[in-house]
Amino acid sequence: MTIDSHQHLWRIGQSGHEWPTPDLSVIYRDFIPDDLAAACEGLEITGTVLVQSQASDADTDWMLAVAATTPLIKCVVGWTDLAAPDAPQRIAYLVRQPKLKGLRPMLQGLAQDDWILRDDVRPALEAMSGHGLTFDALVYTRHLPFIGQLARLYPDLRIVIDHGAKPPLGDPDGMKEWREEMAAVASNLNVTCKLSGLLTEMAGEQVEDILVPCADHLLAVFGADRLMWGSDWPVVLLKDSYRHWHDWTLRWLDGKPETAQNAIMGETARRFYKL
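What comes next concerns the included structure. What you see is a predicted model, and the numbers here were worked out from it, not measured in a lab.

**Considering the packing of helix α8 (residues 242-253) against helix α9 (residues 258-273)**
Each pair of packed helices gets described by two things: the angle between the helix axes and the distance between those axes.
Okay, step 1: It is the contact of α8 with α9, at a shortest axis distance of 10 Å, that shows an interaxial angle of 155°. When the axes of α8 and α9 are compared, the pair comes out roughly antiparallel. Handedness of the crossing formed by α8 with α9: right-handed. On α9, the residues touching His-246, Thr-249, Leu-250, Trp-252 and Leu-253 of α8 are Gln-261, Ile-264 and Met-265.
Okay, step 2: Its residues assigned to classes, the contact of α8 with α9 shows 5 nonpolar, 3 polar and no charged.

Here it is, written out as structure tokens:
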């Protein structure tokens, strides 16, 4: 069983689209289920997790409609404004949609690093936790202490850190801080991590060997039962193909226990998202 825990779909100029922008020409086009099927072809992908890419309720509604008619997509991680006064009501509606499993506020782009701890966000977080929804954390190293606080405030909230918190590859001081903060946040047992998005953190002159210590560290601090593979397709196309990242991960996993390989490539995501 291989579950891709992190992929996107979007339509340029529709459903609240803001990103990607035209300068990202490789991915500045529509990506729909047929494109996903073509990207996965020959890789025996059992299912995927469709994650929001737009800060828009319209985008979430569109993703749910797409997922309803696309068997490959096993669940949706949507978006809603968690600070809105009616957020609990919107969450109550979303949980009734069969494939909606979680929400992702786009924390990396917000002005306040501790935005998620604001008082006006609390009712939405309580609703998410109460309804059993998951929380995808799109963050950098500087956000990790606040994700740790979030995990302790809401011990029943299942949190997953997207893209390994985007390690600052090639910055020795930044990597030291990243390793320390990742180890600290991983001490919260309701926090899981995605092995995804690392390719696109590489600068042009860097080689992929730089990713091995990152993946090794994530495995060391989270363990295979709290680490899940994701393609981050189609964003990964900014650096290489879906197959390339998939195959890189399999090479990195080669020689590790079969139970660990199975967990990272599917079982962790299945349990986390209750697929």
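**Quick word on the packing of aromatic side chains**
Okay, step 1: Tallying each qualifying case throughout the model produces 6 aromatic pairs.
Okay, step 2: Residues Trp-10 and Phe-31 carry aromatic rings whose centres are separated by 5.6 Å and whose planes lie at 80° to one another, so their mutual orientation is edge-to-face. With Trp-10 in the loop between β1 (3-7) and α1 (33-40) and Phe-31 in the loop between β1 and α1, this residue pair connects regions lying 21 residues apart in the sequence. Here the two residues Trp-10 and Phe-31 agree in accessibility, since each one is buried.
Okay, step 3: Note on Phe-31 and Trp-233: the rings are 5.3 Å apart at their centroids and 85° apart in plane angle, and the pair reads as edge-to-face. Of this pair, Phe-31 sits in the loop between β1 and α1 while Trp-233 is found in the loop between β8 (227-229) and α8, placing the two residues 202 residues apart along the sequence. When sorted by exposure, Phe-31 lands in the same class as Trp-233, which is buried.
Okay, step 4: Across from the ring centre of Phe-272, 5.7 Å away, lies the NZ or CZ of Arg-158, which sits over that ring.
Okay, step 5: A cation over an aromatic ring shows up here: Lys-256 above the ring of Trp-252, its NZ or CZ 4.5 Å from the ring centre.

**Focus: the sheet that holds strand β2 (residues 47-51)**
Okay, step 1: One open sheet accounts for 8 strands, arranged β1-β2-β3-β4-β5-β6-β7-β8; its pairing is parallel. Looking along the sheet, the strands with just one partner apiece sit at the ends: β1 and β8. Adjacent strand axes in the sheet meet at a mean angle of 30°, parallel and antiparallel pairs treated alike.
Okay, step 2: Pairing analysis gives 3 bridges linking β1 to β2, with the strands arranged parallel. By the bridge assignment for β2, Ile-3 is matched with Gly-47.

**Considering the pairing of strand β3 (residues 73-78)**
Okay, step 1: With 5 of 6 residues buried, β3 lies mostly within the body of the structure.
Okay, step 2: Here β2 pairs with β3 via 4 bridges, running parallel. Opposite Val-49, over in β3, you have Cys-75 as the bridge partner.
Okay, step 3: With respect to chirality, the unit in which β2 leads through helix α2 (residues 57-68) into the neighbouring parallel β3 is right-handed.

**A few points about the pairing of strand β4 (residues 100-103)**
Okay, step 1: Summarising the sheet, β3 and β4 pair through 3 bridges and their orientation is parallel. The residue bridging Val-76 from the neighbouring strand is Leu-100, located in β4.
Okay, step 2: Remark: the β3/helix α3 (residues 87-94)/β4 crossover connection has right-handed handedness.
Okay, step 3: In this view, the connection linking β4 to its parallel neighbour strand β5 (residues 134-137) by way of helix α4 (residues 122-131) has right-handed handedness.

**What about α9?**
Okay, step 1: Spanning 16 residues, α9 covers 22 Å between terminal C-alpha atoms, matching the ideal 22 Å at 1.5 Å per step.
Okay, step 2: Of all the positions in α9, only Ala-260, Ala-263, Ile-264, Met-265, Gly-266, Thr-268, Ala-269, Phe-272 and Tyr-273 are classed as buried.
Okay, step 3: Following α9 by one or two positions, Lys-274 has its phi on the positive side, about 55°.

**Points about α1**
Okay, step 1: Along α1, the residues that are buried comprise Leu-36, Ala-39 and Cys-40. What you see down the axis of α1 is that its buried residues fit within an arc of 95°, all on one side.
Okay, step 2: Phi for Gly-42, located one or two positions after α1, is positive at around 85°.

**Overview of the environment of Pro-123**
Okay, step 1: Mapped onto the fold, Pro-123 is located in helix α4.
Okay, step 2: Once the C-alpha coordinates of Pro-123 and Pro-85 are considered, the two residues, 38 residues apart in sequence, prove to be 8.5 Å apart.

Cut-offs used in this document
- Residues numbered from 1 in each chain as written.
- Predicted model: local features only at pLDDT ≥ 70, side-chain atom pairs only at ≥ 80, totals over all residues.
- Heavy atoms only, no water.
- Axes fitted to C-alpha atoms, helices over the stretch in contact; angles between N-to-C directions.
- Helix = DSSP H or I, 4+ residues; strand = E, 2+ residues; numbered from the N terminus.
- Parallel < 35°, antiparallel > 145°, perpendicular 65-115°, else oblique.
- Left-handed = near helix turned anticlockwise from the far one by under 90°.
- Contact = heavy atoms within 4.5 Å.
- Nonpolar A, V, L, I, M, F, W, Y, C, P; charged D, E, K, R; others polar.
- Phe/Tyr/Trp six-rings, centres within 6.5 Å; stacked < 30°, edge-to-face > 60°.
- Buried < 20%, exposed > 50% of the residue type's maximum accessible area, 1.4 Å probe, protein only.
- Lys NZ or Arg CZ within 6 Å of the ring centre and 35° of its normal.
- Pairing = 2+ DSSP bridges.
- Right-handed = clockwise from strand over helix to strand, strands pointing away.
- Expected span 1.5 Å × (residues − 1).
- Arc of directions from axis to C-beta.

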